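Chain residues, written in single-letter form:
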Amino acid sequence: MPNIVILGGGVGGTIVANQVARQMRNELKNGDLSITVITESAQHVYQPMFLYMAFDQVVPADAKKPERELLDRRINLVVGAAERIDAAGNAVWMADGTRIAYDYLVIATGSRPDPEQVPGLTDGGYHFYTEEAALRLRQALHDFQGGRIVVTVGVPHKCPVAPLEFVLMVDDWAKARGIREKTEVVYTYPIGRVHSIATVAEWVEPILDGRGIETHIFFNPETVDPQAQTITSLEGETLRYDLLVAVPPHTGQAVIGRSGLGDSGGWLATDRASLRLQGSDNVFVLGDATNLPISKAGSTAHFEADVVASNLVNLLRGGLGSVRYDGKVFCFIETGLKKATFITFDYANPPTPVEATEMIHLYKLAYNRLYWLTPAGLL
Ligand SMILES: Cc1cc2nc3c(=O)[nH]c(=O)nc-3n(C[C@H](O)[C@H](O)[C@H](O)COP(=O)(O)OP(=O)(O)OC[C@H]3O[C@@H](n4cnc5c(N)ncnc54)[C@H](O)[C@@H]3O)c2cc1C
């Protein structure tokens, strides 16, 4: 009986598990196939909610559901930390010493914000990339009465548009609070334009200018001095702040490094079309864990999961598993508290943002509520 093991019960891993289970329900029912999801936490977390949590628009309970409730009941769920992937031995070793063997492995372990890479940032600044951090920032925003807000961006990081969303939302939020006149909003970006995607940078630059948001490009955060309330870049520029909000640089998960599989950042060398771990026939990688030069986003994991699930089903039915991923990504971009736009792109076609509207913002809010249909494989 073939064994599919999926490491990581986030958006990508859960979609793959449910899609394969749905398409191979008879094999699962008859005991001719087994699917196991291994994941660290019993709770599935919808991370985009952290942005809204920082602005006190949602609470942690809105962002979580038990993973068991989202998975087809015929899928085995193992809640625990994987210690090491033994790719040569076709097995995952758990922290408690258990060995879980596989015929096919899907690695969907995501990524991890690592603010410690910027000395002083953890003490001197805030972020919104974990629930705990978003709640700390919520309190800081609640207490803020005006001053200089610096939003700084480290790379690589997941959700490439989140820093723009935060800076545009904080601008609207300060207006709504009646403190915009006594608030400076400053945005820094590591490369020579205000966003990594050229068309997004071209679209947003006049918006930032028009809203009086000060921008600093070629600013790679290097150190923070919490006492002096300054942040200094690798390029030698120092900015003063009253409230520092960072998008911290990210790494791959520690299990990837421990398994000797990733590069120096913990990212897995992944074939951009087949989504197989390079050099392997039976290991697929998707979502944030890959080293692909595309956005680390939930939608990326979603589109990749469709490809991986199709290939697994095809392989199990005697095919070659040759469905290819075309690099498709879709992202909403909040442009304040009441309007949003969206971008869609792939390896060959860059995005073209459309004018932001209230309707698109309402779609995004609706999607936030409907999200739970996504990991269930229904949306
Ligand atoms: C503030 C914020 C806003 C965002 N906004 C958007 C947005 O608007 N649109 C969008 O598309 N994306 C957005 N994202 C990004 C999106 O959440 C991620 O890109 C997406 O979750 C990645 O999916 P994944 O399946 O690769 O990893 P994840 O969903 O992170 O799941 C990884 C899973 O692996 C498990 N895991 C890791 N290591 C181990 C281990 N050793 N053992 C067992 N289990 C392990 C984790 O517990 C987790 O369940 C946002 C993210 C943040 C933080």
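The structure displayed is predicted, hence computed values, not measured ones. (Residues numbered from 1 in each chain as written. Predicted model: local features only at pLDDT ≥ 70, side-chain atom pairs only at ≥ 80, totals over all residues. Heavy atoms only, no water.)

**Q** Help me understand helix α7 (residues 162-177) in this model?
**A** What sets the pattern is the α-helix's 3.6 residues per turn: residues three or four places apart point alike. For α7, spanning 16 residues, the distance from its first C-alpha to its last is 22 Å, which sits close to the expected 22 Å at 1.5 Å a residue. Most of α7 is tucked away: 12 of the 16 residues are buried. Note on α7: the residue one or two positions beyond its end, Gly178, has a positive phi of about 75°. (Helix = DSSP H or I, 4+ residues; strand = E, 2+ residues; numbered from the N terminus. Expected span 1.5 Å × (residues − 1). Buried < 20%, exposed > 50% of the residue type's maximum accessible area, 1.4 Å probe, protein only.)

**Q** Looking at this structure, I do not really get the site of the ligand. What am I missing?
**A** In the vicinity of the ligand lie 31 residues, with Gly12, Gln47, Ala82, Asp288 and Gly298 positioned nearest. Within the contact set of the ligand, an oxygen atom lies 3.3 Å away from a backbone nitrogen or oxygen of Val11. At 3.1 Å, a backbone N or O of Glu40 approaches a nitrogen atom of the ligand. Protein chains shield 92% of the accessible area of the ligand, which is 990 Å² for the free molecule. When residues in the shell around the ligand are grouped by element, the largest group, 3 residues, is from helix α10 (residues 298-316). Its residues assigned to classes, the shell around the ligand comprises 13 nonpolar, 13 polar and 5 charged. Looking at the shell around the ligand, you find at least three residues from each of domain 1 (3-110 + 253-326) and domain 2 (114-249). (Near = heavy atom within 4 Å. Polar contact = N/O pair within 3.5 Å; in protein donor to acceptor, adjacent residues only side chain to side chain. Areas by Shrake-Rupley, 256 points an atom, 1.4 Å probe, with all protein chains shown as cover. Nonpolar A, V, L, I, M, F, W, Y, C, P; charged D, E, K, R; others polar. Domains from an automatic or database assignment.)

**Q** Can you walk me through the sheet that holds strand β14 (residues 221-225) in this structure?
**A** Two orientations exist for strands paired in a sheet by backbone hydrogen bonds: parallel and antiparallel. In spatial order, the strands read β14-β15-β16; together these 3 strands make up an open sheet with antiparallel pairing. With partners counted over all chains shown, the strands left at the sheet margins are β14 and β16 (238-240), one partner each. The mean angle between the axes of side-by-side strands here comes to 20°, regardless of whether they run parallel or antiparallel. With 3 bridges connecting them, strand β15 (residues 230-233) and β16 associate as antiparallel partners. Looking across to β16, one finds that Ile231 is bridged to Leu239. (Pairing = 2+ DSSP bridges. Axes fitted to C-alpha atoms, helices over the stretch in contact; angles between N-to-C directions.)

Geometry only, nothing functional implied.
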